[in-house]
Amino acid sequence: MLKAAQHGDVAAFNTLVLTYQRQLYNVCYRTLGSPEDAADATQDALLSAFRGLRTFNGPAGGLRAWLLRIAINTCYDQLRRRQRRPADSLDAMCAADPEQDSSAAQRVADPGSGPEQRSLSAETARQIQAAIDCLPPDQRLTVILCDVQGFSYDEAAQVMAVELGTVKSRLSRARAQLRELLVQKGELPASAQRLHERNP
Amino acid sequence: MTHSGDHIPDETLSALVDDQLDADAAGSARGHITTCSACRQRLDELRSVVALLRALPELEPPRDFQLGPRRLVDAPNVVRLRRWYTVARASAASLAAVFVFLSVGALYIDSRPAAAPATLEAKPQVASAPAASGQSAPTAASRLAAPAPAAARPAPSAQAADSDQVVAVTSVRPLPTPVPTPVPTPVPRPPRPPVTSAELDPAGPVRTGAAIIGVLAAVTLVATLVVRHRLQHALTHF
């Protein structure tokens, strides 16, 4: 399948797309905090991947990490563009008071995917996403890969092309900052308690 | 974020959450936690953070990202067209700026009329000045121009008049022969040394450059519009 895609077989590549598009989209969404931006980033990443697939010479098992790396780089590009547009920056929101936080968090839509898949309330999910958006990009990606996507440290290090120690360090800083933000927003320990009650 | 004193650093607590500490470090950390309520609370909160993050719903992509033939064909084109559009637009803007600069320069040079025509007019005046003085007009005229004999002609005719006067001299005291004053004939323009175009039109080279750049700017502008049209078309059908 991979070989065929590398030789320009679109059908073979689309099979790979079907396999990975959901995860790529979710990583992009959690990184960018916007469904539209995430969809654009996912599409751009897949197009880039198709164009550069010939250069991929790793094992088939490394394809997911390779695709995620492309998606992450695409997200970085988008984040850099946002930083050049201060109006779109979420930094102001992160520094604002909690009342403003809640209204700003509304901007981060959380479409959800049905009550059966939700173990968090939509509002709690929005607050968490808003807190994630306040993290520096490197920490944000690390926490998304390790805690949201459930990657091991090694996998995250492979995707981000960094050392294992860097992953540990970024992850601990990201978690500590999220803890502070969620405590400020009153999501801790209340939301965790509710979560524990729903999933004992 | 690390805590000073006896408290456990965040990185150790984070690794403890993931069971990434070796046995000794984990034992030491757990031993501390049993006696330190602050670290125990931080550990609990970190565990809650991780639990909340893991509970975030996985979202359904809003659309299918499979690549269709059209998209495959257009996608690289879009990238290429965007690049070309950027280059063409920058080139057109630069050329237009240079064109404006040169045009203004040419106008500025043209707006200094006194200097250039005055020098050209001065030459004939200089050439006619000696003729007007009458001192060596024929010589000067013959030196200056080929039709100078016209200016020298009065001399022989004056001599002939003199010989006629000799006949009458016997009886009449000759009157002093009037010295023929050379008539300041209009001095034909001397062949000027080859005048360069820069002398004739100092703004000429600038104007020529402006014209060339202007044409290039127009061509680049058209190219930019074509590329933009194609880009919009590609994006519409993307």
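Not measured: the values here are computed from a predicted model.

**Topic: the overall build of chain A**
Here is step 1 of the chain: Summing up its helical and strand segments, chain A has eleven helices and zero strands in all.
Here is step 2 of the chain: If you list the helices and strands of chain A from N to C, you get α-α-α-α-α-α-α-α-α-α-α.
Here is step 3 of the chain: Counting the 200 residues in chain A, one finds 55% classified as buried.
Here is step 4 of the chain: Here the contacts in chain A between residues at least 6 apart in sequence split such that 64% fall between residues at least 24 apart.
Here is step 5 of the chain: About 8,900 Å² of surface is accessible on chain A, with carbon and sulfur atoms providing 49% of the total.

**A short note on the nonpolar core**
Here is step 1 of the chain: If you look at the biggest cluster of nonpolar residues, it comprises 68 residues, and the most contacted ones within it are A:F13, A:L63 and B:L53.
Here is step 2 of the chain: Those residues in contact with B:L53 that lie beyond four places of it in its chain are A:I128, A:I132, A:V143, A:D147, A:V148 and A:L178.

**Describing the interface of chain B and chain A**
Here is step 1 of the chain: Listed as interface residues are 37 residues of chain B and, on the opposing side, 50 residues of chain A.
Here is step 2 of the chain: Summed over both partners, the interface of chain B with chain A buries about 4,100 Å², with 65% contributed by carbon and sulfur atoms.
Here is step 3 of the chain: Contact with chain A buries surface across chain B, with B:L52, B:L59 and B:F65 losing the most and accounting together for 18% of the total.
Here is step 4 of the chain: Between the two partners, chain B and chain A, sit six salt bridges.
Here is step 5 of the chain: The salt bridge partner of B:D18 is A:R175, with a shortest N-O separation of 2.8 Å.
Here is step 6 of the chain: Counting across the chain B and chain A interface gives twelve residue pairs in polar contact (both at pLDDT 80 or more).
Here is step 7 of the chain: For the side of chain B that touches chain A, the secondary structure elements donating two or more residues are α1 (10-17), α3 (37-54) and α4 (69-110) of chain B.

**As for the environment of B:F99**
Here is step 1 of the chain: By the element assignment, B:F99 lies in helix α4.
Here is step 2 of the chain: The contact partners of B:F99, leaving out residues within four places of it in the chain, are B:A210, B:I213 and B:G214.

**So, helix α9 (residues 153-160) of chain A**
Here is step 1 of the chain: Considered for burial, the residues of α9(A) that qualify are A:Y153, A:A156, A:A157, A:V159 and A:M160. Projection of α9(A) onto a plane perpendicular to its axis shows the buried side chains occupying an angular sector of 165°, all on one side.
Here is step 2 of the chain: Structurally, α9(A) contributes buried residues whose contacts are with α4 (63-83), α8 (137-148) and α10 (164-184) of chain A together with α1 of chain B.
Here is step 3 of the chain: The first or second residue beyond α9(A) is A:A161, which carries a positive phi of 55°.

**Quick notes on α8(A)**
Here is step 1 of the chain: Where burial is concerned, most of α8(A) is hidden: ten out of the twelve residues are buried.
Here is step 2 of the chain: Of all the positions in α8(A), only A:Q139, A:R140, A:L141, A:T142, A:V143, A:I144, A:L145, A:C146, A:D147 and A:V148 are classed as buried.
Here is step 3 of the chain: Those residues of α8(A) that are buried are in contact with α2 (10-32), α4, α7 (122-133), α9 and α10 of chain A together with α3 of chain B.
Here is step 4 of the chain: A:G150 sits one or two positions beyond α8(A) and adopts a positive phi of about 75°.

**Some thoughts on the packing of aromatic side chains**
Describing an aromatic ring pair means giving the distance of the ring centres and the angle of the ring planes.
Here is step 1 of the chain: Taken as a whole and judged by the stated rule, the model has four aromatic pairs over all chains.
Here is step 2 of the chain: Aromatic side chains A:Y25 and A:Y29 sit 6.4 Å apart centroid to centroid with 25° between the ring planes, which places their arrangement in the stacked category. Of this pair, A:Y25 and A:Y29 both sit in helix α2, four residues apart, which is roughly one turn of that helix. As far as burial versus exposure is concerned, A:Y25 and A:Y29 are alike and both buried.
Here is step 3 of the chain: Taken together, the ring pairs connect A:Y25, A:Y29 and B:F65 into an aromatic cluster.

**Overview of unusual backbone geometry**
Here is step 1 of the chain: Positive phi values are uncommon outside glycine, yet A:A161 reaches one of about 55°.
Here is step 2 of the chain: With respect to the helices and strands, A:A161 occurs in the loop between α9 and α10.
Here is step 3 of the chain: We classify A:A161 as exposed; its relative accessible area is 57%.
Here is step 4 of the chain: Backbone geometry places B:D19, a non-glycine residue, at a positive phi of 55°.
Here is step 5 of the chain: Within the element layout of this structure, B:D19 appears in the loop between α1 and α2 (23-35).

**What about the confidence of the model for chain A?**
Here is step 1 of the chain: Taken as a whole, chain A shows an average pLDDT of 82; of its residues, 78% reach a score of 70 or greater.
Here is step 2 of the chain: Within the model, the stretch residues 96-118 of chain A combines pLDDT values under 50 with 40 contacts to residues more than four positions away or in other chains.

**Quick notes on the side chain of B:T224**
Here is step 1 of the chain: Within the element layout of this structure, B:T224 appears in helix α10 (residues 204-236).
Here is step 2 of the chain: With sequence-adjacent residues up to four places away left out, B:T224 is seen in contact with B:Y85, B:A88, B:R89 and B:A92.

**Quick look at the packing of α2(A) against α7(A)**
For any two helices packed against each other, one specifies the crossing angle of their axes together with the interaxial distance.
Residue and element names in this part refer to chain A.
Here is step 1 of the chain: Two elements in contact, α2 and α7, have axes whose closest approach is 8 Å; the angle formed by their N-to-C orientations is 75°. Judged by the angle between their axes, α2 and α7 are roughly perpendicular. Residues Y29, R30, T31 and L32 of α2 lie in contact with α7, whose contacting residues are Q129, I132 and D133.
Here is step 2 of the chain: Of the residues assigned to the contact of α2 with α7, the class counts are three nonpolar, two polar and two charged.

**Re the packing of α8(A) against α9(A)**
All names here are of chain A.
Here is step 1 of the chain: The geometry of α8 relative to α9 is characterised by a closest axis approach of 9 Å and an angle of 135° between their N-to-C directions. As the angle between them shows, α8 and α9 are arranged oblique. In terms of crossing hand, the pair formed by α8 and α9 is right-handed. Contacts from L141, T142, L145 and C146 of α8 reach α9 at Y153, A156, V159 and M160.
Here is step 2 of the chain: Tallied by class, residues from the contact of α8 with α9 come to seven nonpolar, one polar and no charged.

Each value, and the rule that gives it
Just so you know, the residues in each chain are numbered from 1, in the order the chain's sequence is written. Whichever chain is written first becomes A and whichever ligand is written first becomes 1, with later ones labelled in order. Reporting of local features is limited, given that this is a predicted model, to residues whose pLDDT is at least 70; pairs of side-chain atoms are given and counted only at 80 or more, and all residues count toward the totals for whole chains, interfaces and linings. For side-chain calculations, the full set of non-hydrogen atoms in the structure is used, while hydrogens and water are omitted. Here a strand is any run of E in DSSP of at least two residues, a helix any run of H or I of at least four, and the numbering for each starts at the N terminus. Relative accessible area decides the class of each residue, using a 1.4 Å probe on protein chains only: under 20% of the type maximum gives buried, over 50% gives exposed, and in between gives partly exposed. Throughout, a residue-residue contact means that at least one pair of heavy atoms, one from each residue, lies within 4.5 Å. Computed with a 1.4 Å probe, the accessible areas rest on the Shrake-Rupley method; for each residue, only the protein chains presented here act as cover. Put simply, buried Ala, Val, Leu, Ile, Met, Phe, Trp, Tyr and Cys residues joined by side-chain atoms within 4.5 Å make one nonpolar core. By definition, the buried area sums, over both parts, the 1.4 Å-probe accessible area that each loses when the two are put together. Any carboxyl oxygen of Asp or Glu within 4 Å of a side-chain nitrogen of Lys or Arg constitutes a salt bridge here. Side-chain atoms alone can form a polar contact between residues adjacent in sequence; in general such a contact is a pair of N or O atoms within 3.5 Å, and within protein one must be able to donate a hydrogen while the other accepts it. Directions drawn from the helix axis to the C-beta atoms are what define this arc. Within 6.5 Å between ring centres, the rings of Phe, Tyr and Trp (the latter by its six-membered ring) count as paired, and their orientation is classed by plane angle as stacked under 30 degrees, edge-to-face over 60, tilted in between. Predictor confidence is given residue by residue as pLDDT, running from a minimum of 0 to a maximum of 100. A fitted line through C-alpha atoms represents every axis, and for helices the fit uses only the stretch in contact; the resulting angles, taken between N-to-C directions, go from 0 to 180 degrees. When an angle is under 35 degrees it counts as roughly parallel; over 145 it counts as roughly antiparallel; between 65 and 115 it counts as roughly perpendicular; any other value is oblique. Amino acid classes used here: Ala, Val, Leu, Ile, Met, Phe, Trp, Tyr, Cys and Pro are nonpolar; Asp, Glu, Lys and Arg are charged; the rest, including Gly, are polar. Handedness of a crossing is defined here by the sense of rotation of the near helix relative to the far one, left-handed for an anticlockwise turn of less than a right angle and right-handed for a clockwise turn.

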